[in-house]
Amino acid sequence: MGIDVDLLHKIKGVIECPSPDKDIRRFDANMRLFPPFLDNDVFPLTIKNTLLQSCYLRNTEWACGVAVYTGNQTKLGMCRGIPEPKLTAVDAMIDKLTGAIFVFQIVVVIVLGIAGNVWKDTEGRKLWYVRYPKEGPWYELLVIPLRFELLCSIMIPISIKVSLDLVKSLYAKFIDWDDQMVDPETGIRSNATNTAISEDLGQVEYILTDKTGTLTENKMIFKRCCISGRFYGNENGDALTDAQLLNAVSTGSADVIQFLKVMAICNTVIPVRSKSGTISYKALSQDEEALVCAAARLRMVFENKNGNILDINFNASPIRYEVLDTLEFTSDRKRMSVVVRDCQSGEIFLLSKGADETILPLTYSGQQVRTFAEAVEQYAQMGLRTLCLAWRKLEEDEYNEWASMFKEANSTLVDREWRVAEVCQRLEHDFEILGVAAIEDRLQDGVPETIETLRKAGINFWMLTGDKMNTAIQIALSCNFVSPEPKGQLLIIDGKTEDEVCRSLERVLLTTRITESEPKDVAFVVDGWALEIALKHYRKPFTELAILSRTAICCRVTPSQKAQLVELLKLCDYRTLAIGDGGNDVRMIQQADIGVGISGREGLQAARAADYSIGKFRFLKRLILVHGRYSYNRTAFLSQYSFYKSLLICFIQIFSSFISGVSGTSLFNSVSLMAYNVFYTSVPVLVSVLDKDLSERTVMQHPQILFYCQAGRLLNPSTFAGWFGRSLFHAIVVFVITIHSYAFEKSEMEEVAMVALSGCIWLQAFVVALETNSFTILQHLAIWGNLVGFYVINWIVSAIPATGMYTIMFRLCKQPSYWITMILIVATGMGPVLALKYLRYTYRSSKINILQQAERLGGPILSLGIIEPQSRSSLDKDLAPLSITQPKNRTSVYEPLLSESPSATRRSIGPAQRFDFFQSQPPLASTHTRKDN
């Protein structure tokens, strides 16, 4: 409606709208203006002319509006919920280990509490110097257990959460600072929004990815077309330079001109003319921009849009149309139409473009559509996106009758979308198909190499796209998603009814089982309709198929279906990563364990909703293999070391109680205990954030080593048991040597405590040094400088009389026996650890050890052998015959890389493969059994 700017402040009216809701896709309201501002009695308002909170205005200097919902009642405000915190696999394991330590702590407290009370009643009361009273109150039985509870409280390191949060923040900064993950075209850097889940990147098992804008550049280029049965662009691959098409435009071919008119008019594009006179186009859809630009190159130039008036220029001849109505595109209609009036002749036309399955069935009886269907199929085989263009002439009476119904449908406040779609269908029929336009969306640089590398790392890929099946399959083949025949095999699940989908799903499952013993890369393809039925009625067999197949291509899927597929894999206990670039990928990204958004041409919706944002898909390889793997390795060491140092000092406290009448008194004073956790042992381990077991180059060359992280080989009950045993052994060494050296010399208890504390500090310095793979100056300063700092701090404290440690450290450092004791503690404590490490490195070396040795020797790193799918005949041996309704149990052969010991197991099921790391290193085998949910 047109209103003079000077009269805007005098406008009065009312807006009829529904109650506030969180549906940002719909706003069904009406506006009524009071006299004298009457354009129409009712003006419909939709989400198209509604600005959401935090939106930006483009192509206009100002806008006048009214606030309908405010505060927490805005649509975006109501969509805001408390996001569920994402718990990483490492955090879950740490919680389990903490629970186990807590149970162990309770057992120790109970046992020692009982032993202390027994000793007190049998021996303690007989000793005059202990001064136990003959009789005491009943609650005296609780005193000793409570003492031991205080002593054992440090078993669970409170500082572990603080340390982990600190290092995880540094992991996120490493991603932000990585210059190798900067998009050279846009200068966009990678960004870690979530700083708490970096280690999960190293344990990803499934990647679910969008296609357009994620795998492809989302830069649409008009490549080919078929007009009235004639194909253009087949010889040179570019219709815009095809001599036949250019000649048809020059000679004024009626069909070609009408085809170009639909390309130029049927859209929501806004032309913008610069000061120099050049015209650029602003469009919400890259497809529409490609069509309008292609029409302009073929002399059908969309020059101006003033309200509802469109100015077109063809061969220097101006043409003007008035847009009467716009039948907007929806995911259900899969087409867009406009009703226009030729301002010269007054004739009314309906122009439409959309998917072939929605346009071709609407043709008038008698038109042959076989050629157009073949063109769609041929272009889809090339991996091109296709749109069918159609039109028909409308009579004035027919349009007027329909326009009143369309206006009424747009004005309803209940079920407006459904009513509008029904009215649109009454007009969209008896089309004359003009032709098929094919648009190319090129793959991003490095996509095939990235997918191939990550698949070598044991990561499975699912493509979730809204494109048609043939287009998605061709893109999947071109980016190494699926291996071509005969190495690969595609199994299609289709059908429109439950019975058809059931038979198709059963056939695909049976074929998948049969091909398990063959070296084939099996993938299944499913469209949105069949997927909806499968998830609703045949969820268990579909889940089984998802587990058996490494690759899936899901076509014509909705945003909600993408989220459902992520949830399905998460319920199977897989660690999932979802990556996309558009608003329709947000639900999938938020549902996944790790969400990655690409800052692409569709805006920043996905990037802002994701845990990590990157500029290009190829950066995903470095994000997972380098940052994810390093983060997992470092977090695994830091968390277990935190338990080790706390258990070490706690065990010494427990052992000292046996020479103090099991009374629960502390060997160390509170200041020493506090300094031990805060200063002496925290600084060296924090610099583990710089540790690299292998160089980045080696990790990128050998992605298979990611299996160690995926399997949780560095942090599990087995590795924790090793650290637990190490802490117990070192506590025994420190206690025995200290007591033997000083207690029998009738030294003061403070001196004995300081010797034991010194032994712990020396041991932890050598433990950190032993577990460090790559030393830097900062790490040397942290490890050995911390050891020197221990003595500096205690010399200062020993010089203060009020501390209770007056002159203790001065006296100890003057005694040769003190230094001999330290040497004995280090030699006795580290000797067996070094021996075990040497034996394992020499006789049971892992693939990582071999790569480390090759790096340190400076020789060439051996290349990987050919990766072939391993026979999966052992899967489901004990299962009943295939039944679409029967639950299944499944046995899986695991990757040989994980088989350093027969008991090696993996947390989740992955399609089995054989990885020949080195031609001289034959793989081992291991098995794992699991029941599906």
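Above this note sits the structure.
What comes next is a walk through the structure. Predicted, not measured: the structure shown is a model, and the values here were computed from it. (Residues numbered from 1 in each chain as written. Predicted model: local features only at pLDDT ≥ 70, side-chain atom pairs only at ≥ 80, totals over all residues. Heavy atoms only, no water.)

## Describing the nonpolar core
By size, the foremost hydrophobic cluster in this structure holds 135 residues, and its most contacted members are Ile-207, Leu-577 and Leu-620. Counting residues per element, this core draws most heavily on helix α20 (residues 619–657), which supplies 22 residues. Setting aside residues no more than four positions away along its own chain, Ile-207 makes contact with Leu-454, Ile-459, Asn-460, Phe-461, Trp-462, Leu-577, Ile-579, Leu-620 and Ile-624. Grouped together as the second largest cluster of nonpolar side chains are 46 residues, Ala-239, Val-256, Met-300 and Met-336 included. (Core = buried A, V, L, I, M, F, W, Y, C linked by side-chain atoms within 4.5 Å. Buried < 20%, exposed > 50% of the residue type's maximum accessible area, 1.4 Å probe, protein only. Helix = DSSP H or I, 4+ residues; strand = E, 2+ residues; numbered from the N terminus. Contact = heavy atoms within 4.5 Å.)

## Structural notes on the sheet that holds strand β3 (residues 43–45)
The antiparallel open sheet is built from three strands, whose spatial order is β1-β2-β3. Both outer strands of the open sheet, β1 (13–16) and β3, are each paired with one neighbouring strand and no more. The average angle at which neighbouring strand axes cross in this sheet is 25 degrees, direction not considered. Bridging between β1 and strand β2 (residues 29–33) involves four bridges; their strand directions are antiparallel. (Pairing = 2+ DSSP bridges. Axes fitted to C-alpha atoms, helices over the stretch in contact; angles between N-to-C directions.)

## As for the pairing of strand β6 (residues 216–227)
Two faces belong to every sheet, and in a regular strand the side chains alternate between them. Buried residues dominate β6, accounting for nine of its 12 residues. Sheet topology note: the β6/strand β16 (residues 432–443) ladder contains eight bridges and is antiparallel. Residue pairing across strands places Met-220 opposite Asp-441, the latter belonging to β16. In terms of strand pairing, β6 meets strand β7 (residues 230–232) through three bridges, oriented antiparallel.

## Section: helix α30 (residues 847–857)
Every buried residue belonging to α30 is among Lys-847, Ile-848, Asn-849, Ile-850, Leu-851, Gln-852 and Ala-854, and all of these are buried. Considering only its buried residues, α30 is in contact with α20, α23 (696–701), α24 (706–710) and α29 (816–843). At the C-terminal side of α30, Gly-858 shows a positive phi close to 80 degrees.

## Some points on the packing of aromatic side chains
Enumeration according to the criterion identifies 31 aromatic pairs in this entry. Ring geometry for Trp-462 and Phe-524: centres 5.8 Å apart, planes at 85 degrees, overall edge-to-face. Taken together, the residues Trp-462 in strand β17 (residues 460–464) and Phe-524 in strand β19 (residues 521–527) connect sequence positions 62 residues apart. In this pair, the class of Trp-462 matches that of Phe-524, namely buried. An angle of 85 degrees between the planes, with centres 4.9 Å apart, marks the rings of Tyr-680 and Phe-790 as edge-to-face. (Phe/Tyr/Trp six-rings, centres within 6.5 Å; stacked < 30°, edge-to-face > 60°.)

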